[in-house]
Amino acid sequence: VRDAERGTAAAHHLLAHPGIYIPPINLPPVPRGTERLRITPSPFHGAAQIERLAAALSETWEALDLPRAGTVFVEAAE
């Protein structure tokens, strides 16, 4: 996600999907600019649950206009 506010917004947005809880990871565990979501699948999650998660993530990325894989990030000059 690479942004603490967007990561938190994504985590809150995903809570609207029953059975999905994905916490954001922000400072101090990860450096600023590398914020992400912690997705923890288990052997008890089946194909249908994984498909539902993928759909919820896709919908969240669209709703919040989050960058997708392959997006080039340009750091602002200080």
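Residues numbered from 1 in each chain as written. Predicted model: local features only at pLDDT ≥ 70, side-chain atom pairs only at ≥ 80, totals over all residues. Heavy atoms only, no water.

Scanning the chain for helices and strands turns up two helices and two strands. Ordering the α and β elements of the chain from the N terminus gives α-β-β-α. Every one of the 78 residues in the chain was classed for burial, and the buried ones make up 22%. Within the chain, residue pairs in contact and separated by at least 24 positions form 56% of the contacts whose partners lie at least 6 positions apart. Element-wise, carbon and sulfur atoms account for 58% of the exposed surface of the chain, whose accessible area totals about 5,800 Å². (Helix = DSSP H or I, 4+ residues; strand = E, 2+ residues; numbered from the N terminus. Buried < 20%, exposed > 50% of the residue type's maximum accessible area, 1.4 Å probe, protein only. Contact = heavy atoms within 4.5 Å. Areas by Shrake-Rupley, 256 points an atom, 1.4 Å probe, with all protein chains shown as cover.)

Position of T8 among the secondary structure elements: in helix α1 (residues 4–14). On a C-alpha basis, the gap between T8 and N26 in space is 8.8 Å, while along the polypeptide they are 18 residues apart. Residue contacts for T8: discarding those within four places in its chain leaves P24 and N26.

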